[in-house]
Amino acid sequence: MIVQNLEVVKERIQSSCILADRDFSEIQLIAVSKHFPSSLIREAYEAGQTVFGESTLQEAESKVACLPEKIEWHFIGRVQSNKVKRILLNFKAIHGVDSLRLASYVDEVAANLGMFPKIFLQVNIAEEKSKGGFLIREVLNCMEALLALKRLHIVGLMCIPPFSDDPESSRPWFAKLRMLRGQLEGEFSAVLPSLSMGMSGDYMVAIGEGATHVRVGSAIFGERSYPGGSDPQLK
Ligand SMILES: *Cc1c(COP(=O)(O)O)cnc(C)c1O
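Since this is a predicted model, take the numbers as computed values, not measurements. (Residues numbered from 1 in each chain as written. Predicted model: local features only at pLDDT ≥ 70, side-chain atom pairs only at ≥ 80, totals over all residues. Heavy atoms only, no water.)

Digging into the site of the ligand
- The immediate surroundings of the ligand are formed by 15 residues, with Lys34, Ser200, Gly217, Ser218 and Arg224 found nearest.
- A distance of 2.8 Å separates a nitrogen atom of the ligand from a polar side-chain atom of Arg215.
- In the environment of the ligand, an oxygen atom lies 2.8 Å from a nitrogen or oxygen atom belonging to the backbone of Gly217.
- Protein coverage of the free-state accessible area of the ligand, which is 390 Å², stands at 95%.
- Across the shell around the ligand, the residue classes break down as seven nonpolar, four polar and four charged. (Near = heavy atom within 4 Å. Polar contact = N/O pair within 3.5 Å; in protein donor to acceptor, adjacent residues only side chain to side chain. Areas by Shrake-Rupley, 256 points an atom, 1.4 Å probe, with all protein chains shown as cover. Nonpolar A, V, L, I, M, F, W, Y, C, P; charged D, E, K, R; others polar.)

Regarding the side chain of Arg181
- Residue position: Arg181 is located in helix H7 (residues 171-188).
- The side chain of Arg181 is buried and forms no salt bridge, while Glu185, the nearest opposite charge, is found at 4.3 Å.
- There is a polar contact of 2.8 Å between the side chain of Arg181 and the backbone oxygen of Leu192.
- With near-sequence residues (within four places) excluded, Arg181 lies in contact with Leu157, Leu192, Pro193, Ser194 and Leu195. (Helix = DSSP H or I, 4+ residues; strand = E, 2+ residues; numbered from the N terminus. Buried < 20%, exposed > 50% of the residue type's maximum accessible area, 1.4 Å probe, protein only. Lys, Arg positive; Asp, Glu negative; His and termini not counted. Salt bridge = Lys/Arg side-chain N within 4 Å of Asp/Glu carboxyl O. Contact = heavy atoms within 4.5 Å.)

A short note on the layout of surface pockets
- In this structure, the second largest pocket spans a volume of roughly 210 Å³.
- Around the second largest pocket, the lining residues are Lys10, Ile13, Phe24, Ile27, Gln28, Leu29, Gly48, Gln49, Thr50 and Val51.
- Among the elements of the structure, helix H1 (2-20) and strand S1 (28-32) are those that each provide at least two residues to the lining of the second largest pocket.
- Tallied by class, the residues present in the lining of the second largest pocket amount to five nonpolar, four polar and one charged. (1 Å grid on protein atoms, 1.4 Å probe; cavity = no way out; pocket = protein on both sides within 12 Å on 5 of 7 lines; lining within 4 Å. Points joined across faces, edges and corners; volume = space filled by probe spheres on them.)

Section: the pattern of salt bridges
- Summed over the entire model, instances satisfying the criterion amount to nine salt bridges.
- Put simply, Glu72 and Lys92 hold a salt bridge, and the shortest N to O gap is 3.4 Å. Taken together, the residues Glu72 in strand S3 (residues 72-75) and Lys92 in the loop between helix H4 (84-90) and strand S4 (93-97) connect sequence positions 20 residues apart.
- Under the relative-accessibility criterion, Glu72 is labelled buried at 17%.
- By sharing partners, the salt bridges in this structure join Glu168, Arg171, Arg178 and Glu209 into a single network.

Some remarks on the packing of aromatic side chains
- Scanning the model with the defined rule gives three aromatic pairs in all.
- Ring geometry for Phe36 and Phe221: centres 5.3 Å apart, planes at 25°, overall stacked. A residue pair is termed long-range when its members are at least 10 positions apart, and Phe36 in the loop between S1 and helix H2 (38-46) and Phe221 in helix H9 (residues 218-221) qualify at 185 residues.
- We note Arg151 situated over the ring of Phe116; from NZ or CZ to the ring centre the distance is 4.1 Å. (Phe/Tyr/Trp six-rings, centres within 6.5 Å; stacked < 30°, edge-to-face > 60°. Lys NZ or Arg CZ within 6 Å of the ring centre and 35° of its normal.)

The analysis is restricted to geometry; functional conclusions fall outside its scope.
Below, the structure is given as structure tokens:
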């Protein structure tokens, strides 16, 4: 099942690339394995998938410990400062850095560990009360200070647009994130090649709007079940 799902997702990425006149190699598929057991991650890994996303440290640590070292783990959840060290030790990239204060702290911990972590700045692109992320004016105000954090390899921006059943409703938000990236590159001479945007429902649209990293969970692993209903982070 997972092997077929992965094939379908990869074919759809491929056709979205053709439509958008982009190269397939520009897109990194992050298989979001949160709430799914290690056995399924191993199945996906054996089918050739090497990059996985997790949103809680506790859940990820036990998986990292028992799965192949070759797996590249990306942290896509909310980052709590008391967990930064363990997140850095387990993950190659962090997609949820959402304040200057947190970024400065990650920089400090990374310096202590001798690391240069890959960072995506999460932007609350639709300025939703329920979501984390920099507001647009905040990221513009903080960019200079963020770029001065020498341990952080800030590769680009990440967003989670408002929840909708219609993938097209995400398009303007993805376009907005891409334009914000252009503005930051122009105003701050920053180099921000990466856009982490698009999930199971809208990754094809995201690729059309410039995504380089798509975070796809349920389309690969199946529906997740949550103790309290839906995923609080995504609503
Ligand atoms: C869970 C999650 C995803 C994957 O969502 P699906 O709809 O299952 O593809 C992507 N990004 C973040 C930040 C998530 O928390």
